Amino acid sequence: MNPSQKDRIECEGGCHCGAVRFRLALPPRIEVRRCNCSICRMTGYQHLTVAQADFELLEGSDDLVEYRFNTGVARHLFCRRCGIKSFYVPRSHPEAWSVHLACVELPDGVEVNWGDFDGADWEAHIGEIRDIVN
Ligand SMILES: [Zn+2]
């Protein structure tokens, strides 16, 4: 367990239609990254990387459809009903989840530290974000 686990704030989120719902345990200050890779720039994805232990899928496992491309490491998961990718397995952190911050009902008191990741030049920049897990 993360040493700061007692300070974590529980919140929920999900896709647009409500079929996919999840619960998160976040620290009071979260790191979020925008990305300019081929798929993130189309979706405006806001990366909130969380450990598997801090993420629980509540509903919608049967509604998730997977899309893979390029290296195939990332498992892009979108709702088959509304098309929203609310979370997925990122290539940068295949042992964790990346949650789309826009799909999170963020409670008051959680501070967001924004940054950018140059995913278009992934190999040159992965070291900058490899250790970022909220
Ligand atoms: Zn949906």
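(A) Geometry of the sheet that holds strand β5 (residues 55–59). Taken together, three strands build an open sheet; the order of strands is β1-β2-β5 and the sheet is antiparallel. Edge positions in the sheet fall to β1 (9–14) and β5, since each of these pairs with one other strand and no more. Averaged over all neighbouring strand pairs, the angle between strand axes comes to 25°, with direction disregarded. Bridge count for β1 against strand β2 (residues 21–26) is six bridges, and the pairing is antiparallel. Paired with Ile9 across the strands is Leu26, a residue of β2.

(B) The environment of Val112, seen in detail. On the secondary structure map, Val112 appears in strand β10 (residues 111–117). Separated by 35 residues in sequence, Val112 and Leu77 place their C-alpha atoms 24 Å apart. Those residues in contact with Val112, other than ones at most four positions away along the chain, are Ile30 and Val32.

(C) Up close: unusual backbone geometry. Even without a glycine there, the phi angle at Asn70 is positive, about 55°. By the secondary structure assignment, Asn70 is in the loop between β6 (64–67) and β7 (76–79). When the 11 C-beta atoms within 10 Å are taken as the criterion, Asn70 is described as exposed.

(D) Molecular detail of the nonpolar core. Within the largest apolar cluster, 19 residues are counted, with the highest numbers of intra-cluster contacts made by Leu24, Phe87 and Val99. Of all elements in the fold, only β2, β4 (46–51), β7, β8 (87–88) and β9 (96–100) reach the threshold of two or more residues within this core. With residues up to four places along the chain from it excluded, the contact list for Leu24 reads Cys11, Gly13, Val50, Asp54, Phe55, Val99 and Val104. Core analysis: the second largest hydrophobic core is formed by five residues, Cys35, Cys40, Tyr45 and Phe117 among them.

Conventions we followed
- Residues numbered from 1 in each chain as written.
- Predicted model: local features only at pLDDT ≥ 70, side-chain atom pairs only at ≥ 80, totals over all residues.
- Pairing = 2+ DSSP bridges.
- Helix = DSSP H or I, 4+ residues; strand = E, 2+ residues; numbered from the N terminus.
- Axes fitted to C-alpha atoms, helices over the stretch in contact; angles between N-to-C directions.
- Contact = placed C-beta atoms within 7 Å.
- Buried ≥ 20, exposed ≤ 12 C-beta atoms within 10 Å, placed from the backbone.
- Core = buried A, V, L, I, M, F, W, Y, C linked by C-beta atoms within 7 Å.

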